[in-house]
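# Reading the structure
Here is how the chains run, residue by residue.
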Amino acid sequence: MYTAVTIIVLFVALYGYALAALATRSSEPRPGDALDSGLLFVLLVPALNEEQVISRTLSSLLRLRGNFIVLVIDDDSDDGTAEAVQPFLQNPRVRLLRQPPEEARRGKGHVLNAGLAAVRRMRISEYFGAHNIVVTVFDADARVEPGFLDAITPYFADPRVVGVQSAVRMYNADANLLTFWQNLEFAIWGRVMCRAKNLLGSATLGGNGQCVRLSALERLGEEPWQPASLTEDLDLSLRLLASGGGLLRFCPSATVWQEAVPELGRLVRQRSRWMQGHLVCWQHLPRLLRGALPLRARLDLAVFLLLPATVLPVGLATLLSWQQLLSGFGGWSLSTLALTYALGFVVAPLAASYLVKVEGRGLLRSLAHGHLFVFYSLVWFLSSVAAWWNILLGRRGWAKTARFAARGEGEGAMPGGDVSKKEEVP
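In this report, the structure presented in the accompanying data block is examined. (Residues numbered from 1 in each chain as written. Predicted model: local features only at pLDDT ≥ 70, side-chain atom pairs only at ≥ 80, totals over all residues. Heavy atoms only, no water.)

### Some words on the side chain of His110
- Along the polypeptide, His110 turns up in helix 4 (residues 108–122).
- A distance of 2.9 Å separates a polar side-chain atom of His110 from the backbone oxygen of Glu103.
- Among all residues touching His110, those that are not within four sequence positions of it are Gln99, Glu103 and Pro227. (Helix = DSSP H or I, 4+ residues; strand = E, 2+ residues; numbered from the N terminus. Polar contact = N/O pair within 3.5 Å; in protein donor to acceptor, adjacent residues only side chain to side chain. Contact = heavy atoms within 4.5 Å.)

The following block contains the structure:
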């Protein structure tokens, strides 16, 4: 048993180092002009009790350059979400779809499918062609820079590309240590893992900031997002890849900013849902492995899907190794210290490098934060326990993550759009 756990720990560490090495070789297309691309971006914004954040999100989206419309899907909110959207409906680019109570609160996938059905009723594909319409999903707390679509557009110049995922960061990263670590987590995932996966052909979509051709969604049927899925984005990615319908890419230069969860209990609940949905997506493994993707892509996707199963043994092995290391205080050998560091601090240099090179923080402070970041693994350890427990008990409920931002925060940086017309989707 100990040998098996050691092999798993070594494999996970080597996998991380290999992706980091591959990421240094990645490149991306030059930014394009979204205004002249011939693409129409349809921005879907699912909203359930988002009164605190939806105004700033719409103000941010309306500053985008390019050809786009925004569709907010209100999932029968109890608060003033719909009322907060009303002033923006004077802009001809903004639409509001209100889910009836009997159709509401069935999960994010169900909401996105309702939004897509509304897009079909607009019949815009008759003018642009489904291949030239890009459905983009933004969470209701999203913030983007005006050039977001400019960065995404060049990827769709390749007709084989059916989907592009943007980078994700946290706009409240400095609220506390937990939000700071979440920002580091997404930064490392994007700068290392996702860039490497571009080379391997195994990139996937990740919720906020995902962009997919309408033609690819329509090939998956009336409901391309699985209504009952806990991770509808990963499920969609795997079905797109398994069908052999095209390529998925990651765009590191397009960033969507979202709110990090500042409380440990809520964060563990969110991540346990993600992990449980990830585990359920094992059902796609046989089809992926038999598919037409290059062998390197199929192998990487298999490893990626199986990684959640390693969280518990890796976490327990890490705790045990540190206990043994501390119990032998004073009698350490150089080889023992080097091995412990190499296996226990895989992400520390990556985190420190990001903080110094991208955020411009001091070297010593960045090194300290990079090594403290190792303790963030406790979140995933607890989430893994909760996910397996839910699976054993047969629980598959979809729980929305609550927002914490206060109304008015950051309004000055995100002015609203022009006003000329009011329209609501029936």
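Okay, back to it.
### Some remarks on the pattern of salt bridges
- Throughout the structure, instances matching the rule amount to 16 salt bridges.
- A salt bridge links Asp78 to Arg105, with the nearest nitrogen and oxygen atoms 3.0 Å apart. Of the two residues, Asp78 is situated in the loop between strand 2 (68–74) and helix 3 (81–85) and Arg105 in the loop between strand 3 (94–98) and helix 4; the sequence distance between them amounts to 27 residues.
- Residue Asp78 is classed as exposed on the basis of its relative accessible area, which comes to 63%. (Salt bridge = Lys/Arg side-chain N within 4 Å of Asp/Glu carboxyl O. Buried < 20%, exposed > 50% of the residue type's maximum accessible area, 1.4 Å probe, protein only.)

### A few points about the state of the cysteines
- As enumerated under the stated definition, the model contains 0 disulfides in all.
- Distance from the sulfur of Cys211, which forms no disulfide, to the nearest cysteine sulfur (Cys251) is 8.4 Å. (Disulfide = S-S within 2.5 Å.)

### Remarks on the environment of Arg273
- Summarising the element assignment, Arg273 is placed in helix 10 (residues 264–280).
- Considered as a pair, Arg273 and Thr231 are 42 residues apart in the sequence and their alpha carbons are 7.8 Å apart.

### As for the nonpolar core
- Val42, Leu44, Leu184, Trp225 and Leu288 are the most contacted members of the largest nonpolar core, which has 64 residues in total.
- The dominant element in this core, judged by the number of residues it contributes, is helix 7 (residues 177–200), at 10 residues.
- Ignoring sequence-local partners within four residues, the contact set of Leu288 consists of Leu238, Leu241, Ala242, Leu293, Arg298, Leu301 and Leu305.
- Residues Leu43, Val45, Ile54 and Val164 belong to the second largest nonpolar core, which totals 45 residues. (Core = buried A, V, L, I, M, F, W, Y, C linked by side-chain atoms within 4.5 Å.)

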